[in-house]
Amino acid sequence: MAGSDLHVGVLALQGAFESHLKIFKTMGIKALPVRSTQDLDRIDKIVIPGGESTAIQMLLESNSLRQPLRERLSNGMPVFGTCAGMIVLSKVILDGRDDQSPLNAIDIVVRRNAFGRQIDSFESSIDVKGLSEPFPAIFIRAPIVESVGDNVDVYAKVDDQIVLCGNASTLVASFHPELSSDTRIHEMFLSLGK
Ligand code: GLN
């Protein structure tokens, strides 16, 4: 689907989902909060927001969304994971909770809270492959991508650490693009699957 028929969903169980809904609104894109399988049936693309990855994963289970979401993702529904969302979508989580099992939607290994406890949050102007001007990236207890599989492209690094990467249907960011007023990373997401 394209144009006004496109329905973007934002998983709205926990975390920074309101900011994603708001940024899509400023872009003129219809975005719906996703809390149930009925909501999931209505959307063509989905964002998994930042927040607390362990809580998001628990709530996916308790709302019976984990399995249907995995199915949609394995059928190629485009997905954008930011911060905790990136952790949830990964293949392997380092420094995760023992019972934390990710959705394995993209072949990456992520480390939680990787920038150290002292540096809780920071902003950095980062160069992104495909963007002509740097992007103002806000990091909050951010994970990093320790390694990527062969079919994953790296789009940005900070201190030589991967912070933005993806493939044909998936985009994942260590930072929070929804917290800046810059819509370019959301535009990258919307171009997936076209
Ligand atoms: N540290 C959080 C986690 O592990 C992620 C932080 C965030 O999303 N801002 O889930």
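The paragraphs below set out a description of the structure included in this document. (Residues numbered from 1 in each chain as written. Predicted model: local features only at pLDDT ≥ 70, side-chain atom pairs only at ≥ 80, totals over all residues. Heavy atoms only, no water.)

A look at the side chain of S180
Here is the rule: A run of DSSP states H or I qualifies as a helix once it reaches four residues; a run of E qualifies as a strand once it reaches two. Both are numbered from the N-terminal end. Exposed residues in this analysis have more than 50% of their type's maximum accessible area, buried residues have under 20%, and partly exposed residues fall in between, with area computed by a 1.4 Å probe over protein chains only. Two N or O atoms count as a polar contact when they lie within 3.5 Å, although within protein this holds only if one can serve as hydrogen donor and the other as acceptor, and sequence-adjacent residues are included solely when both atoms are side-chain atoms. Any pair of residues with heavy atoms lying within 4.5 Å of one another is described as a contacting pair.
Structurally, S180 is set in the loop between strand 12 (170–173) and helix 6 (184–190). With a relative accessible area of 12%, S180 lands in the buried category. From its side chain, S180 meets the backbone oxygen of P177 in a polar contact 3.2 Å long. Once residues within four sequence positions are removed from consideration, S180 is found in contact with I23, F135, P136 and I138.

Details of unusual backbone geometry
You will see that C83, though not glycine, has its phi angle at about 55°, which is positive. Of note, C83 is situated in the loop between strand 4 (79–82) and helix 5 (84–89). Of the residues examined, C83 reaches a relative accessible area of 5% and is grouped as buried. Even without glycine at this site, D95 takes up a positive phi of about 60°. Within the element layout of this structure, D95 appears in the loop between strand 5 (92–94) and strand 6 (108–111).

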